[in-house]
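Below, each chain spelled out in residue letters.
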Amino acid sequence: GAAPAAAAASGELPEGWASTLDAASGRSYYHDEGGGGGVTWDRPTAAAPSVAHLPPLRVGWRRHRDAAKGIVYYHCAATGETSWDRPAVVVDGGGS
């Protein structure tokens with residue numbers, strides 16, 4: 001879908017990934033924040049294994065981790081809104 005392309009174009013990592021600088025090599029590596037086992041030297045282009053099964057986020061929302069509490073929250077920069085609950089895409093049931 002468009003979400004990974006949008007993340008790549010903006011320089012942001014796909015959902016669920018974090019980067020860490022390896023002091024020995026001076027290179028960044030990428031790891032799955034949710035402990036899904038994903039670790040790679042190559043910049044990821046899709047959601048991390050720990051979040052790949054979740055429904056997509058609404059446009060404009062990003063997943064963050066509260067450093068003090070170690071838990072995930074969501075933020076929409078356009079509205080300033082934050083949420084502890086995942087703001088998933090609302091699918092229209094197509095009513096009659």
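Residues numbered from 1 in each chain as written. Predicted model: local features only at pLDDT ≥ 70, side-chain atom pairs only at ≥ 80, totals over all residues. Heavy atoms only, no water.

(A) Representation of the pairing of strand β5 (residues 71-76). Here β5 shows a buried face lined by Val-72, Tyr-74 and Cys-76 and an unburied face lined by Ile-71, Tyr-73 and His-75. Hairpin connection, strand β4 (residues 61-66) to β5: the antiparallel pair is bridged by four residues, and Gly-70 has positive phi, about 70°. Of the strand pairs in this sheet, β5 and strand β6 (residues 81-83) are connected by three bridges, and their pairing is antiparallel. Note on β6: the bridge partner recorded for Tyr-74 is Ser-83. Where β5 folds back onto β6 in an antiparallel hairpin, the turn is made up of four residues, including Gly-80, whose phi is positive at roughly 80°. (Buried < 20%, exposed > 50% of the residue type's maximum accessible area, 1.4 Å probe, protein only. Helix = DSSP H or I, 4+ residues; strand = E, 2+ residues; numbered from the N terminus. Pairing = 2+ DSSP bridges.)

(B) A look at the sheet that holds strand β1 (residues 17-21). On the basis of which strands lie adjacent, the open sheet formed by three strands has the order β1-β2-β3 and antiparallel pairing. This sheet does not close on itself; its edge strands, each paired only once, are β1 and β3 (39-40). Note: strand β2 (residues 28-32) against β3, two bridges, orientation antiparallel. Opposite His-31, over in β3, you have Val-39 as the bridge partner.

(C) Representation of the side chain of Arg-63 within the structure. As for its placement among the helices and strands, Arg-63 is situated in strand β4. According to the relative accessible area criterion, Arg-63 is buried, its value standing at 14%. In this structure, Arg-63 is in contact with Glu-15, Gly-16, Glu-33, Val-51, Leu-57, Val-72, Tyr-73 and Tyr-74, ignoring residues within four places of it in sequence. (Contact = heavy atoms within 4.5 Å.)

(D) Broad picture of the packing of aromatic side chains. Using the criterion set out here, one finds two aromatic pairs in the structure. When the ring of Tyr-29 is compared with that of Trp-41, the centres are 5.9 Å apart and the planes differ by 70°; the resulting orientation is edge-to-face. You can see Tyr-29 sitting in strand β2 and its partner Trp-41 sitting in the loop between β3 and β4, a full twelve residues away along the chain. Accessibility expressed as a relative area gives 40% for Trp-41, which makes it partly exposed. Between the aromatic rings of Tyr-73 and Trp-84, the centroid separation amounts to 6.0 Å while the plane-to-plane angle is 75°, which identifies the pairing as edge-to-face. Of the two residues, Tyr-73 sits in strand β5 while Trp-84 sits in the segment after β6, which places them eleven residues apart along the sequence. What makes Tyr-73 partly exposed here is its relative accessible area of 25%. (Phe/Tyr/Trp six-rings, centres within 6.5 Å; stacked < 30°, edge-to-face > 60°.)

(E) Inspection of the side chain of Asp-32 at higher detail. Within the secondary structure, Asp-32 sits in strand β2. One buried charge, Asp-32, has no salt-bridge partner; the nearest side chain with opposite charge is Arg-63, at 6.1 Å. There is a polar contact of 2.5 Å between the side chain of Asp-32 and the side chain of Ser-50. When sequence neighbours within four positions are dropped, the list of residues in contact with Asp-32 reads Gly-16, Trp-17, Gly-37, Gly-38, Ala-48, Pro-49 and Ser-50. (Lys, Arg positive; Asp, Glu negative; His and termini not counted. Salt bridge = Lys/Arg side-chain N within 4 Å of Asp/Glu carboxyl O. Polar contact = N/O pair within 3.5 Å; in protein donor to acceptor, adjacent residues only side chain to side chain.)

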